[in-house]
Amino acid sequence: MVKPKCNLIIDSCCDLPFEIVNREGIELVEFSFILEDGEHIDNLYQSLSGQEFFEAMRQGAEPKTAQLTMQRIHDAFMAGVKSKIPTVYLAFSSGLSGAFETALMVHTQIMKEHPDAELYVVDTKLASLAEGLLVYEAIRQRDKGLSAAELAEWAAEAGNYINCQFMVDDLESLRRGGRIPASVAYAGSKLDVKPLLSIDLEGKLFLVGVARGRKKGIKHLASFYEKRVVKNEPGQCVMVGHSDCPKDMERLREEVMKIDKDILLIDSYIGPVVGSHVGPDMLAVVFWGPDRREDLSVADKIARKVKGEH
């Protein structure tokens, strides 16, 4: 096997199974979360199981999350510089966290001190398994020979083609964490429905619809996949995730496999940092689909053009 041309730094909010990212040339930067017994690191459930975490939430725990520290990011970046191997950091969405902005500040500082270093920072504008799918494919592209500069450019463009949708049991955890407006959470609670959400091009959450019951919600997620998945894509990878509702996830897996059996289906527990905000019983489906920029309204396309965005 040809030695990769670059290394990757990823963060734990990609919510991938640990065994996928536990490999040479991949450094995991861990977010942290706080429970009643103190601070924990999100190490992709190497220390605490997903079942334990979400059961604590069901029993009334309200975990809090913390930003990545500047020191942790600095340590990861400096490890890349000292290795003399070009390195790319794929950051959790700037629309949901300050990690990317912190990484940019650290990057500026390090580049002043080490102007010859090849170090790139990419705002994925994705979260959880949507970020995970990008990371998964970035590892493949790295192993196939992309340089650090090429991989950074690839990741910035590829994120536009990642389609995702997820169902939460209610909006209270998202409201409490400030990820959605209180007015939206209030409306959802009064309607007694299962909210369906996605991630916009700025990396923020938005409500796309509702389902009257979990069974209909699972059907809706499968229908969303069927309508938007790239057909006849060689080696198509699809990710499904859950926050401690394995039976429902198995139903979702079955619905997706009815549509297309020739896919690589990866499933994962939603991590504790993202899980702190979505709560138990979330289901998600993520896959490669059409360019999401084409979904914009005419008014939004004009606004992006005015701002000089593609």
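One can find the structure itself at the top, above this paragraph.
Predicted, not measured: the structure shown is a model, and the values here were computed from it.

*Asks:* Describe the overall build of the chain, with residues and values.
*Replies:* A tally of regular secondary structure across the chain gives 12 helices and 13 strands. Taken over the C-alpha trace, the chain has a radius of gyration of 19 Å; the compact-globule value for 310 residues is 19 Å, and the two agree within 12%. Once the C-alpha set of the chain is aligned to its principal axes, its extents read approximately 55 × 50 × 45 Å. Counting all 310 residues of the chain, 52% fall into the buried class.

*Asks:* Describe the state of the cysteines, naming the residues involved and giving the relevant values.
*Replies:* Inspection of every chain in the model, using the stated rule, returns zero disulfides. The closest cysteine sulfur to the non-disulfide-bonded Cys-6 is located on Cys-14, 16 Å from its own sulfur. Of the residues examined, Cys-6 reaches a relative accessible area of 0% and is grouped as buried. For the unlinked cysteine Cys-164, the closest cysteine sulfur is that of Cys-237, found at 14 Å.

*Asks:* Explain helix α5 (residues 128–143) to me, using residue names and the numbers behind them.
*Replies:* Relative to the 22 Å expected for 16 residues at 1.5 Å per residue, α5 spans 23 Å between its end C-alpha atoms, a close match to the ideal helical length. Gly-145, located one to two residues past α5, shows a positive phi value of around 120°.

*Asks:* Tell me about the sheet that holds strand β1 (residues 7–11), and please be specific about residues and values.
*Replies:* Sheet strands line up and pair through hydrogen bonds in the backbone, either parallel or antiparallel. The strand order across the open sheet formed by four strands is β2-β1-β6-β7, and the pairing between neighbours is parallel. Only two strands of the sheet have a single partner each, and these edge strands are β2 (26–29) and β7 (119–123). Averaged over all adjacent pairs, the angle separating strand axes in this sheet is 20°, with direction ignored. When strand β6 (residues 87–91) meets β7, the two strands line up parallel, connected through five bridges. Bridging from a neighbouring strand, Ala-91 pairs with Asp-123 of β7. Across the sheet, helix α4 (residues 99–113) is in contact with β6 and β7; its angle to β7 comes to roughly 165°. Against the sheet, α5 engages β1, β2 and β6, with an angle of about 170° to β1.

*Asks:* Describe the nonpolar core, with residues and values.
*Replies:* Grouped together as the largest cluster of nonpolar side chains are 75 residues, with contacts concentrated most on Phe-77, Tyr-89 and Met-239. Of the residues forming this core, the biggest block, eight residues, is contributed by α5. The residues touching Phe-77, leaving out its near neighbours within four places in the chain, are Ile-9, Tyr-89, Ala-103, Val-106, His-107, Ile-110, Leu-119 and Val-121. With 19 residues, the next largest nonpolar core counts Phe-224, Tyr-225, Val-256 and Leu-283 among its residues.

*Asks:* Could you give an account of the environment of Lys-204, naming the residues involved and the relevant values?
*Replies:* If you trace the backbone, Lys-204 turns up in the loop between β9 (194–199) and β10 (205–211). Given the relative accessible area of 45%, Lys-204 is considered partly exposed. A sequence separation of 78 residues divides Lys-204 from Leu-126, and the C-alpha atoms of the two residues are 8.2 Å apart. Those residues in contact with Lys-204 that lie beyond four places of it in its chain are Gly-95, Leu-96, Ser-198 and Ile-199.

*Asks:* Please set out the packing of helix α3 (residues 70–83) against α4 residue by residue, giving values where relevant.
*Replies:* Between α3 and α4, whose axes approach to 9 Å, the crossing angle comes to 50°. When the axes of α3 and α4 are compared, the pair comes out oblique. As α3 runs across α4, the sense of the crossing is right-handed. Between α3 and α4, the contacting residues are Met-70, Ile-73, His-74, Phe-77, Met-78 and Val-81 on the first element and Ala-99, Thr-102, Ala-103, Met-105, Val-106, His-107, Gln-109 and Ile-110 on the second.

*Asks:* If you had to explain the sheet that holds strand β5 (residues 64–66) to someone new, which residues and values would you point to?
*Replies:* As summarised here, the arrangement of the three strands in space is β4-β3-β5, forming an open sheet in which the pairing is antiparallel. Of all the strands in the sheet, the pair left with one neighbour each is β4 (38–41) and β5. The sheet shows a mean angle of 30° between the axes of neighbouring strands, direction not considered. Across three bridges, strand β3 (residues 32–35) lies against β5 in antiparallel orientation. Among the inter-strand pairings, Phe-33 is bridged to a residue of β5, identified as Thr-65.

Analysis parameters
- Residues numbered from 1 in each chain as written.
- Predicted model: local features only at pLDDT ≥ 70, side-chain atom pairs only at ≥ 80, totals over all residues.
- Heavy atoms only, no water.
- Helix = DSSP H or I, 4+ residues; strand = E, 2+ residues; numbered from the N terminus.
- Rg over C-alpha atoms; globule rule 2.2 N^0.38 Å.
- Buried < 20%, exposed > 50% of the residue type's maximum accessible area, 1.4 Å probe, protein only.
- Disulfide = S-S within 2.5 Å.
- Expected span 1.5 Å × (residues − 1).
- Pairing = 2+ DSSP bridges.
- Axes fitted to C-alpha atoms, helices over the stretch in contact; angles between N-to-C directions.
- Contact = heavy atoms within 4.5 Å.
- Core = buried A, V, L, I, M, F, W, Y, C linked by side-chain atoms within 4.5 Å.
- Parallel < 35°, antiparallel > 145°, perpendicular 65-115°, else oblique.
- Left-handed = near helix turned anticlockwise from the far one by under 90°.

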